[in-house]
Amino acid sequence: MAIATVAVLFGGRSSEHEISSATAGGVLGAIDRDRYRVIPVGMTRDGVFILEEDDPARFLLNAAKMPEVVDNGTRIIWPMPGGPRELRVQRADGGIDNLGTVDVVLPILHGLHGEDGTIQGFFDILEIPYAGGGILDSAMCMDKHFMKVALEAADISVSPSITVRARAWADDTDSVRSDVDQLGYPVFVKPARAGSSVGVSKAHDASELDEAMRVALAEDTKVLVETAIVGREIEVAVLEGRGDSMPRTSLPGEIVLTTREFYDFEGKYLGGDGADVVCPAELTDDETARIRDVAARAFEAVEGRGLARVDVFLTTGGDVVVNELNTMPGFTPISMYPKCWVASGLSYADLITELIELGRR
């Protein structure tokens, strides 16, 4: 079998830069080196593409000091469309080296300028195959407002919400407060276009709304205020089907909260107490089948490509309500997405291989 060259792209310009870098540690350590030659490409917080070290240990998930991409003076030179897909690097001393033909890019970027369709459009222009979501599904799922529009059009249940823009909050706060009152407290206040629970707060009553809005608006000028759904937090990992086949869904996992108010950034990535990731979740066969069906339908409703994690609530009445889709979900070895596939019989390394091969096809 011929060895393919994979450019693993990580870091990025969003507030999730460190999570992307930590994901790189897991991917670089697990990717099948007998099958793939790896070119690690880092994107600094300023958006500069550099040649990074191929050293998984450098990007380990560490709560004391999160990993990041630091400008080392190199510059990646991407190939022009229509020509050979040769990746080059300009060294810090000005010399240029040819890194060889790249067969596919594995972008493990989160948030803006990575998970929102922009980098996908960049690679489409360059005519370089890439793994993961495409332009449309990435852009739609990055904006939780439009994601809900698409899901509701496909007759998929979502939590009631209102969309608040910074201008409306500044100019007519009382009107926004009235709209939130009609939703009913408690509510979740979250940036419409951010991920990894960055900027998300739970407002238990009107007295907590100002601070929740301040935190969310620090991340985005567009905020979603959602009714807090009472139910179990269930997540399903989805992979694009091969050819014309249906999307593939994993066994569902569950976020079990003990002392934590909700599954926030610390609980997801820093090993904070009070939130356990359980996969597979303890569900009846009927509940499992319905949740997996909703996940597959949601993936198709947003024209999903590559992968997504579909987060739902299973209410006390047995309804399945979609919270959101993540087109580049947390992908560290301890993240829910790979854990669900491992529980379904697909190892972390084989999952990476499957994503790369989907991208190549």
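A brief look at the structure comes next. Remember, it's a predicted structure, so these values are computed and weren't measured experimentally.

## Re unusual backbone geometry
Item 1. Following tyrosine 185, the chain continues to proline 186 via a peptide bond in cis, the omega torsion being 0°.
Item 2. Here proline 186 is to be found in the loop between helix H6 (173–183) and strand S9 (187–191).
Item 3. Omega for the peptide link from cysteine 279 to proline 280 comes to 5°, which places this bond in the cis form.
Item 4. Here proline 280 shows up in the loop between strand S15 (275–278) and helix H9 (285–301).
Item 5. Positive phi outside glycine occurs at aspartate 155, with the angle close to 60°.
Item 6. You can see aspartate 155 is positioned in the loop between helix H4 (144–153) and strand S8 (161–165).
Item 7. Although it is not a glycine, glutamate 303 adopts a positive phi angle of roughly 60°.

## Quick word on the packing of aromatic side chains
We describe a pair of aromatic rings using the distance from one ring centre to the other and the angle between the two ring planes.
Item 1. Summed over the entire model, instances satisfying the criterion amount to 9 aromatic pairs.
Item 2. Look at tryptophan 78 and phenylalanine 122: their rings are 6.1 Å apart centre to centre, the planes differ by 85°, and that puts the pair in the edge-to-face class. Within this pair, whereas tryptophan 78 is found in the loop between strand S4 (75–77) and strand S5 (86–90), its partner phenylalanine 122 is found in helix H2 (residues 118–126), the two being separated by 44 residues in sequence.
Item 3. Of the residues examined, tryptophan 78 reaches a relative accessible area of 11% and is grouped as buried.
Item 4. A relative accessible area of 29% places phenylalanine 122 in the partly exposed class.
Item 5. When the ring of phenylalanine 331 is compared with that of tyrosine 348, the centres are 5.7 Å apart and the planes differ by 35°; the resulting orientation is tilted. Residue phenylalanine 331 is located in the loop between strand S17 (320–326) and helix H10 (336–343), and its partner tyrosine 348 is located in helix H11 (residues 348–360); the two are separated by 17 residues in the primary sequence. Comparing phenylalanine 331 with tyrosine 348, the two get one shared label, buried.
Item 6. These aromatic residues form a ring-pair network of at least three members: Phe49, Trp78, Phe122, Phe123 and Tyr130.

Reading the values: the criteria
Residues numbered from 1 in each chain as written. Predicted model: local features only at pLDDT ≥ 70, side-chain atom pairs only at ≥ 80, totals over all residues. Heavy atoms only, no water. Helix = DSSP H or I, 4+ residues; strand = E, 2+ residues; numbered from the N terminus. Phe/Tyr/Trp six-rings, centres within 6.5 Å; stacked < 30°, edge-to-face > 60°. Buried < 20%, exposed > 50% of the residue type's maximum accessible area, 1.4 Å probe, protein only.

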